[in-house]
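# Analysis of the macromolecular model
Here is how the chains run, residue by residue.
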Amino acid sequence: MPERFPCGLIVCSLDDRKLSFANDYVASMLGFSSEEMIGQALEMFLSKASLIFMDSYVYPTLLESGDHNELQLTLIAKDGDRVPVLANIRANDQGFMHWALFSAIERDKMYQELIETRDQLQRQTQKLKRLAATDPLTGMLNRRASQERLIELYDQSRRAPSPLTLLLIDIDHFKQVNDRFGHSEGDRVLVEVALAINSTLRSVDLGARWGGEEFLIVLYATDTQGAIESSRRIHSALEQIRIEQHKVSVSIGVAKIDLNLKEANQAIDQAISAADTALYRAKAMGRNRTEVQIVSASAFQTGTRLKAVEGEVKKGA
Amino acid sequence: MMTADTANPVLVRNNVSVIGGGSRTLVFGHGFGCDQTMWRFLTPYFDEDTRLVLYDYTGCGGSDVSQFDGERYADLNGYALDLIELCDALNLESVCFVGHSVSATIGLLAAIKRPDLFSSLVFVCPSPCFLNIPPEYEGGFDRADLEELINLMDKNHVGWANYLAPVVMGETNGEGMVTELTQSFCSTDPTFLKPFALATFFSDHRADFERCPVPSLILQSSTDALASQQVGEYIHANTPHSQLALIDAIGHCLHMTHPEQVADEIHRFQSKL
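Residues numbered from 1 in each chain as written. Chains lettered and ligands numbered in written order. Predicted model: local features only at pLDDT ≥ 70, side-chain atom pairs only at ≥ 80, totals over all residues. Heavy atoms only, no water.

## Here's the deal with the packing of aromatic side chains
Residue and element names in this part refer to chain B. Keep this limit in mind: Here a Phe, Tyr or Trp ring, Trp counted by its six-membered ring, pairs with any other such ring whose centre lies within 6.5 Å, and the pair is stacked when the planes are under 30 degrees apart, edge-to-face when over 60, and tilted otherwise. Each residue is placed in one exposure class: buried if its accessible area under a 1.4 Å probe, protein chains only, is under 20% of its type's maximum, exposed if it is over 50%, and partly exposed if it falls in between. Secondary structure elements follow DSSP: runs of H or I no shorter than four residues count as helices, runs of E no shorter than two count as strands, and numbering proceeds from the N terminus.
Using the criterion set out here, one finds 17 aromatic pairs over all chains in the structure. Ring centres 5.0 Å apart and planes at 25 degrees place the aromatic pair Phe-68 and Tyr-73 in the stacked group. Like Phe-68, the residue Tyr-73 is buried in the burial classification. Ring centres of Phe-68 and Phe-192 lie 4.8 Å apart, and the angle between their planes is 50 degrees; this geometry places the pair in the tilted category. Of this pair, Phe-68 sits in the loop between strand 4 (50-54) and helix 2 (76-89) while Phe-192 sits in helix 7 (residues 190-201), placing them 124 residues apart in sequence. By the burial criterion, Phe-68 is buried, and Phe-192 matches it. Three or more aromatic residues link up through ring pairs in this structure, and these residues are Phe-32, Tyr-55, Tyr-57, Phe-68, Tyr-73, Tyr-79, Phe-130, Phe-192, Phe-196 and Phe-201.

Right under this line is the structure:
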């Protein structure tokens, strides 16, 4: 009677996993005779991956609940061919597993296509996300993406807790570069400055093109003193950049982000305007330098200068 | 069974359960593809003055999956951190840790990082590395086998009830049904199972076993397709202060199929420490 069913049937001991029954359907599916299969261990007919899956997931589930349905496995035929199958399994109190096996060649193809489609969609999504987050000229984060990332950094720093500082960097006399040497030269300078700034950052930091010739840097787990060190590195990283014989320089405004505020946006806005004030002061004091603005817990004290760092280079073009 | 103090976020995250009291503590770490319910065959073999601590790794079983952080759980150290954090949350020290399969490695990594927490380790069907690394080491599997495993998991996830449950039942049915389905035995959301599989099957922790800071017992199944006898002997030879106990059995889940022998071996090991 079992021979008439168009599906594979196997009975197998739970203990030693040897087959005590295999119908002709499953035998011919695998190129054996049913006599050849009986007495063999189940492992012999499973791909190695299927074996791991059996041992780490299916078998424990069977021991616990007694059944397993719609399990996709790969069987290995006598000639080494791989046969995808779908299995329903029952374990009983007498120590046997009863398997019903259905050929799943077409289903397997469909699943493979689904997986590939899903992977492709994931890759495309990642690519689009990256594109949407990046400034096309410099490859740095754009303003919108950096705002989102900054909120994450803020929450992370609050949890840790660890200090977070913010730098606004503006290329000195950039308008003149564009006016005198043209926009393509201006673009080249932007790219080189972006590369130089990026070379000073760690993977945990954030670097973004904030606007025209302005960059935003957020230094993770870094206090004001560390940020001053970082701006020194930025000033010196720019030393090799030239426009004809003229050196390129930047002015930098530094502010520590207040982690005592619950609202990330509020703390960020506050730190950005503080850094902007410091940047403005750096410009007013002759450019090519770093100024620090101290932000107090609630309102920021204007004009409190902690330390000024002079760059070594002369004014740019 | 009492559920531990729900106020501590770590205990909630890892669905920690504490059974019994007493001065001795055993902590049980489940293997890949499963959760703490797999220990229910073994736990009755320990008397009431032994405190038993069970948990689910983040992303598995009844853990709080919202705490799953892809970066943290990209390798086994993230899972070891779960174990360390829950021991700290329960103020445990000098426990005996019993880890099945990949949990043996996870327990070892935790012990290397925090030797104060552990007095001994019991490895149930351990493997430091599932990959074959010719010529010196045979983990049992080629890279292609393990890549097929990931593919097979994907294919089964496409069909798995817990993946489709929320879709099939719709939002209107309330969360009850879905929760019941997804919390059935050893159910694990594919989103979290796959990173665990990658961390488990593609890592090589052989060198860590040489650094094992406490005495250990290796419980080896005589016929285990996932962790062969040869692998058990390799660990024994390369782990200081280790003992090897061979249990005549077929399969990779000794604690489920041969719980009495596993309990006897653990008792004997503990009494000689």
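On we go.
## Thoughts on the confidence of the model for chain B
The predicted coordinates ought not to be read in detail in places where the model reports low pLDDT. Residues and elements named next belong to chain B. Which entries qualify depends on this criterion: Looking at any residue, its pLDDT shows the predictor's confidence there, from 0 to 100. We call two residues in contact when some of their heavy atoms are within 4.5 Å.
A residue-level look at chain B finds 86% of positions with pLDDT of 70 or above and a mean pLDDT of 86. Confidence drops under a pLDDT of 50 for residues 1-6, and excluding neighbours within four residues, the segment shows 12 contacts in the predicted structure. Confidence over residues 159-185 falls short of pLDDT 50; this stretch has 32 contacts with residues more than four positions distant or in other chains. ipTM for the predicted complex: 0.72, alongside a pTM of 0.67.

## Observations concerning the packing of helix 2 of chain B against helix 3 (residues 102-113) of chain B
All names here are of chain B. The condition is simple: A fitted line through C-alpha atoms serves as each axis, taken over the contacting stretch for helices, and the angle formed by two N-to-C directions is quoted from 0 to 180°. Orientation labels follow simple angle bins: below 35 degrees gives roughly parallel, above 145 gives roughly antiparallel, 65 to 115 gives roughly perpendicular, and whatever is left gives oblique. Here a crossing is taken to be left-handed if its near helix is turned anticlockwise relative to the far helix by less than a right angle, and right-handed if that turn runs clockwise.
At their nearest, the axes of helix 2 and helix 3 sit 8 Å apart, and the two run at 70 degrees to each other. As summarised for this structure, helix 2 and helix 3 are arranged roughly perpendicular, according to the angle between their axes. Read as a crossing pair, helix 2 and helix 3 show a hand that is right-handed. In this structure, helix 2 uses Leu-76, Asn-77, Tyr-79, Ala-80, Leu-83 and Ile-84 to contact helix 3, whose residues at the interface are Val-102, Thr-105, Ile-106, Gly-107, Leu-109, Ala-110 and Lys-113.

## Side note on the pairing of strand 3 (residues 24-29) of chain B
Residues and elements named next belong to chain B. To keep it simple, the criterion reads: Here, strands pair whenever DSSP counts at least two bridges between them.
Within strand 3, 5 of the 6 residues are buried, which leaves it mostly tucked inside the rest of the structure. Relative to strand 4, strand 3 runs parallel, the two being bridged by 5 bridges. Within the sheet, the bridge partner assigned to Phe-28 lies in strand 4 and is Leu-54. Inspection of the sheet shows strand 3 paired to strand 5 (residues 95-100) by 4 bridges, in the parallel sense. Bridging across to strand 5, Val-27 finds its partner in Phe-97.

## A look at the packing of helix 5 (residues 143-159) of chain A against helix 9 (residues 264-284) of chain A
Residues and elements named next belong to chain A. Basically, it comes down to this: Three categories are distinguished: nonpolar for Ala, Val, Leu, Ile, Met, Phe, Trp, Tyr, Cys and Pro, charged for Asp, Glu, Lys and Arg, and polar for the others, with Gly belonging to the last.
Across the interface, helix 5 lies against helix 9 with an axial gap of 10 Å and an inter-helix angle of 110 degrees. As summarised for this structure, helix 5 and helix 9 are arranged roughly perpendicular, according to the angle between their axes. In this structure, helix 5 contributes Leu-150, Ile-151, Tyr-154 and Asp-155 to the contact, and helix 9 contributes Ala-264, Asn-265, Ala-267 and Ile-268. Here the contact of helix 5 with helix 9 is composed, by residue class, of 6 nonpolar, 1 polar and 1 charged.

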